[in-house]
Amino acid sequence: MTSGSGLRVIFLREFKSYFATPLAAVFLVVFLFLAGIFSFSMGGLYERGQADLRSFFQFVPWLYLFLAPAIAMRLWAEERRLGTIEILTTLPIPLWQTVVGKFLAAWGFSCVALALTAPLWITVSWLGDPDQGAIVAGYAASAMVSGIFLAIGGFVSTLTKNQVIAFVVTAVACFLVFLAGYPVVLDFFRGWMSAGVVDAVAGVSLLAHFQSLMRGVVELRDAVYFGSAIAALLAATTLAIDWKKGT
Amino acid sequence: MNCVIDASALRKLFGNRRAVDGVSLRVNAGEVVGFLGPNGAGKTTTMRMLTGFLEPTEGRVSLAGIDIDEAPIEARKHFGYLPEGAPAYPEMTVREYLRFVGRARGIASGDLAARLMSVADRVHLGRVMDQSIETLSKGFKRRVGIAQAIIHDPPILIMDEPTDGLDPNQKHEVRELIRQMGSTKAIVLSTHILEEVEAVCSRVVVIAAGRIVFDGTPAVFEAMAPSSVQRHRMDHVFRQLTADATEVQP
Ligand SMILES: Nc1ncnc2c1ncn2[C@@H]1O[C@H](COP(=O)(O)OP(=O)(O)OP(=O)(O)O)[C@@H](O)[C@H]1O
Ligand SMILES: [Mg+2]
């Protein structure tokens, strides 16, 4: 078998499995419904008299805060509960490829949800003349946030067979990572920590990178941040499975 | 060193509980080993170490001459494995699932359809190929598990209770299948059915409290019963061998 084809086999099985259960339909409907509500009523898409998707993208991370854990909780907890992890980890496929394949399938699914919000984009483009570059950047930033949340959730789901626990722990962990960049949190650190520490906290914060991506400036350090955070989480997931699979 | 399965001095601790305590097992091609033992004796744990699913606390395993610790991916290509309980993805159809395992096991897409047909035929899955696994009866689920283990025609087969939950007809069919495959492959199967050992195995290994207490042919095993015992002679020997070791010592 050529290297990497194991990853493909795992990815395809996983990705299809999202659509084999009603879960996918429920998820997509909830996502689109909330995305619509947030941008139109709460975000004041009409009232601001300006046709763009800024308010929508501000809400997307909050949506993912609940929906990413819902996708991710199944990733490994389910394999352990069913016992299929025993098949999966004795196939002649390196564990890292299995981990990456499953992650990409989950991420792909969440990107499908995101892509289905395209009618919003079409609507604002039809109503006005939005900055298309900013919209593309907004979608990229949103995809990145979902990637990080899913990587966190995948890691958490290796540690338990209980999907409810996996969901709650993931939601809390994502919330903390995301919140680390809010002024409230930074001000809290600013009171008693050196400027270096405050910068470091702001540096790991998802929010800061999200907003910088949103502004449409794709900086190297943001790309490095998202790439290395996801890679580190997937590496941790691989180690955790090796450690926990037999128990 | 021409053994296809070569496990030496396997030991597995769960916390400070000794689940497997110094098991060595060498199996050649053409041998069918019946792995017997009371509940909790360490059969599943031993088989999980043979496949590399569990890492032994001590000891080594090599399959087809390949150390599973040093070259796990290479070693995994040489066996088929039916885990305890025959786990599978409930939402997939039998066909989808077997295609998935076949692909993951490296079968070329051109050969896949033919392999699927032949394996479905061998374990009589034809009728349920397009049914989702969650809707199958217990016996059919077990057959799906056997099918995925043999789909790539591996030289080594490790099967944890392959006939559990099968009806008498299917038990017979599966035993026939195992016997046929046993002429060329190295097979280890665990079971609680002693007649099965007589029917398909060329060798019996009995484990009790994590240790091997018997290793020999079914004939020798049966001959250990005193001549006064007329019926269920194997059961008698089994009880004798495992009576004082039903619990794993802490
Ligand atoms: N993950 C685990 N953590 C702790 N103890 C375990 C674990 N897996 C197995 N054990 C213990 O190891 C011992 C051997 O179990 P094993 O499943 O190998 O027995 P078995 O011979 O397959 O039994 P059965 O015939 O019931 O299938 C048992 O005492 C069991 O409780
Ligand atoms: Mg068992």
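Attention in this report is confined to the structure presented alongside it. The residue numbers shown here count from 1 along each chain, following its written sequence. Chain labels run from A onward and ligand labels from 1 onward, assigned in the order the entries are written. Under the rules for a predicted model, residues below a pLDDT of 70 receive no local features and side-chain atom pairs below 80 are neither given nor counted, while totals for whole chains, interfaces and linings still include all residues. Side-chain metrics in this entry use all non-hydrogen atoms of the structure; hydrogen atoms and water are not considered.

Attention now moves to the coordination of the magnesium ion (ligand 2). Residues and elements named next belong to chain B. Keep in mind that water is not among the atoms, so a site may look incomplete; donors are the N, O and S atoms within 2.8 Å of the metal, or 3.2 Å for Na, K and Ca. Within the first shell, the magnesium ion (ligand 2) binds the protein through Thr44 (OG1) and Glu84 (OE), at distances of 1.9 to 2.2 Å. Placement of the pair is threonine 44 in helix H1 (residues 43-50) and glutamate 84 in the loop between strand E6 (79-82) and helix H3 (94-104), with a sequence separation of 40 residues. Relative accessibility thresholds used throughout: buried, under 20% of the residue-type maximum; exposed, over 50%; partly exposed, between the two (1.4 Å probe, protein chains only). Relative accessible area serves as the criterion here: at 13%, threonine 44 is assigned to the buried category. Runs of E in the DSSP output that reach at least two residues are strands. Runs of H or I that reach at least four are helices, and both are numbered from the N terminus.

For helix H8 (residues 132-158) of chain A, with 27 residues, the first-to-last C-alpha span of 39 Å sits near the 39 Å given by 1.5 Å per residue. Within H8 of chain A, 20 of the 27 residues are buried, which leaves the element mostly enclosed by the surrounding structure. A helix is expected to span 1.5 Å multiplied by its residue count minus one.

Here, a salt bridge means any side-chain nitrogen of Lys or Arg that lies within 4 Å of a carboxyl oxygen of Asp or Glu. In total, this model carries 22 salt bridges over all chains according to the counting rule given. Between glutamate 91 of chain B and arginine 13 of chain A there is a salt bridge, with its nearest N and O atoms 3.6 Å apart. With glutamate 91 of chain B in the loop between E6 and H3 and arginine 13 of chain A in helix H1 (residues 5-20), this residue pair bridges two chains. As far as burial versus exposure is concerned, glutamate 91 of chain B and arginine 13 of chain A are alike and both buried. Note that arginine 211 of chain B is salt-bridged to aspartate 21 of chain B, the shortest N-O span being 2.9 Å. Here the residue arginine 211 of chain B occupies a position in strand E10 (residues 211-216), and aspartate 21 of chain B occupies one in strand E2 (residues 17-27), the gap between them amounting to 190 residues. For aspartate 21 of chain B, a relative accessible area of 7% puts it in the buried group. Salt bridges here are not isolated pairs; linked through shared partners, they connect Arg13, Glu14, Glu79 and Lys102 of chain A together with Glu91 of chain B.

To continue, consider the sheet that holds E6 of chain B. All names here are of chain B. Paired strands are those between which DSSP finds at least two bridges. Strand order in the open sheet formed by six strands is E6-E7-E8-E3-E9-E10, and the pairing between neighbours is mixed. Every interior strand has two partners, whereas the edge strands, E6 and E10, have only one. Taken pair by pair, the neighbouring strands of this sheet meet at an average axis angle of 15°, ignoring direction. Note that strand E3 (residues 32-36) and strand E8 (residues 186-190) share four bridges and pair parallel. Axis lines are fitted to C-alpha atoms, over the contacting stretch for helices. Their N-to-C directions set the angle, which ranges from 0 to 180 degrees.

The next thing to look at is the packing of helix H3 (residues 54-72) of chain A against helix H9 (residues 163-179) of chain A. All names here are of chain A. Viewed as axis vectors pointing N to C, H3 and H9 meet at an angle of 150°, and their least axial separation amounts to 8 Å. When the axis of H3 is compared with that of H9, the two are roughly antiparallel. Regarding H3 and H9, the two cross each other, and that crossing is right-handed. Contacts between H3 and H9 involve Pro61, Trp62, Leu65, Phe66, Pro69 and Ala70 from the former and Phe167, Thr170, Ala171, Cys174, Phe175, Phe178 and Leu179 from the latter. Each residue receives one of three labels: charged for Asp, Glu, Lys and Arg, nonpolar for Ala, Val, Leu, Ile, Met, Phe, Trp, Tyr, Cys and Pro, and polar for the others, Gly being one of them. By residue class, the composition of the contact of H3 with H9 is 12 nonpolar, one polar and no charged. Angular relationships are summarised with four words: roughly parallel below 35 degrees, roughly antiparallel beyond 145, roughly perpendicular across 65 to 115, and oblique for the angles in between. With the far helix as reference, a near helix turned anticlockwise by less than a right angle produces a left-handed crossing, and one turned clockwise produces a right-handed crossing. Contacts are assigned to residue pairs with any non-hydrogen atoms lying within 4.5 Å of each other.

Our focus in this paragraph is the packing of aromatic side chains. Residue and element names in this part refer to chain A. Here the aromatic set is Phe, Tyr and Trp, taking the six-membered ring for Trp, and pairing holds for ring centres within 6.5 Å; pairs whose planes are under 30 degrees apart are stacked, those over 60 apart are edge-to-face, and all others are tilted. According to the stated counting rule, one finds 17 aromatic pairs over all chains in the structure shown. Judged by centre distance (5.0 Å) and plane angle (5°), the rings of tyrosine 18 and phenylalanine 109 are stacked. Of this pair, tyrosine 18 sits in helix H1 while phenylalanine 109 sits in helix H6 (residues 95-115), placing them 91 residues apart in sequence. In this pair, the class of tyrosine 18 matches that of phenylalanine 109, namely buried.

All right, on to the pairing of E8 of chain B then. All names here are of chain B. In terms of residue burial, E8 counts as a mostly covered element, since five of its five residues are buried. Direction of pairing for strand E7 (residues 156-160) relative to E8: parallel, over a ladder of five bridges. The residue of E8 that forms the bridge with leucine 157 is isoleucine 187. When the strands point away from the viewer, a crossover counts as right-handed if the path from the first strand over the helix to the second runs clockwise. In this view, the connection linking E7 to its parallel neighbour E8 by way of helix H6 (residues 168-181) has right-handed handedness.

Moving on, we get to helix H4 (residues 109-122) of chain B. All names here are of chain B. With 14 residues, H4 extends 20 Å between its outermost C-alpha atoms, agreeing within 8% with the 20 Å of an ideal straight helix rising 1.5 Å per residue. Those residues of H4 that fall on the buried side of the exposure criterion are Leu112, Leu116, Val119 and Ala120. Next to the buried residues of H4 lie H3 and helix H5 (138-150). Positive phi appears at histidine 124, one or two residues downstream of H4, with a value of about 55°.

Let's shift gears to the site of ligand 1. A single heavy atom is enough: if one lies within 4 Å of a molecule or strand, its residue is considered near that molecule or strand. Inspection of the region around ligand 1 gives 16 residues, with Gly40, Lys43, Thr44, Thr45 and Glu84 of chain B positioned closest. Chain contributions to the surroundings of ligand 1 come from chains A and B. Between N or O atoms, a polar contact is any pair within 3.5 Å; within protein, one atom must be a potential hydrogen donor and the other a potential acceptor, and residues adjacent in sequence are included only when both atoms are from side chains. One of the side-chain nitrogen or oxygen atoms of glutamate 84 of chain B is found 2.7 Å away from an oxygen atom of ligand 1. Computed with a 1.4 Å probe, the accessible areas rest on the Shrake-Rupley method; for each residue, only the protein chains presented here act as cover. Protein contacts shield 73% of the accessible area of ligand 1, which totals 640 Å² for the unbound molecule. Elements with a contribution of two residues or more to the shell around ligand 1: E2 and H1 of chain B. The leading source of residues in the shell around ligand 1 is H1 of chain B, at three residues. Partitioned by chemical class, the residues of the shell around ligand 1 number four nonpolar, eight polar and four charged.

Okay, the side chain of glutamate 161 of chain B next. Residues and elements named next belong to chain B. As for its placement among the helices and strands, glutamate 161 is situated in the loop between E7 and H6. Despite its burial, glutamate 161 remains without a salt bridge, the nearest opposite charge being carried by lysine 43 at 5.4 Å. Ignoring anything within four residues of it in the chain, the contact list for glutamate 161 reads Glu84, Arg142, Ser190 and His192. We treat Lys and Arg as the positive residues and Asp and Glu as the negative residues; His and chain ends play no part in the count.

Here we come to the sheet that holds strand E5 (residues 66-67) of chain B. Residue and element names in this part refer to chain B. Across the sheet, which stays open at both edges, the four strands sit in the order E2-E1-E4-E5 with antiparallel pairing between neighbours. The sheet is open, and its two edges are formed by E2 and E5, each paired on a single side. Summarising the sheet, strand E1 (residues 5-14) and strand E4 (residues 58-63) pair through five bridges and their orientation is antiparallel. Residue pairing across strands places arginine 11 opposite glutamate 58, the latter belonging to E4. Where H1 meets the sheet, its contacts fall on E1, E2 and E4, and the angle it forms with E1 comes to roughly 125°.

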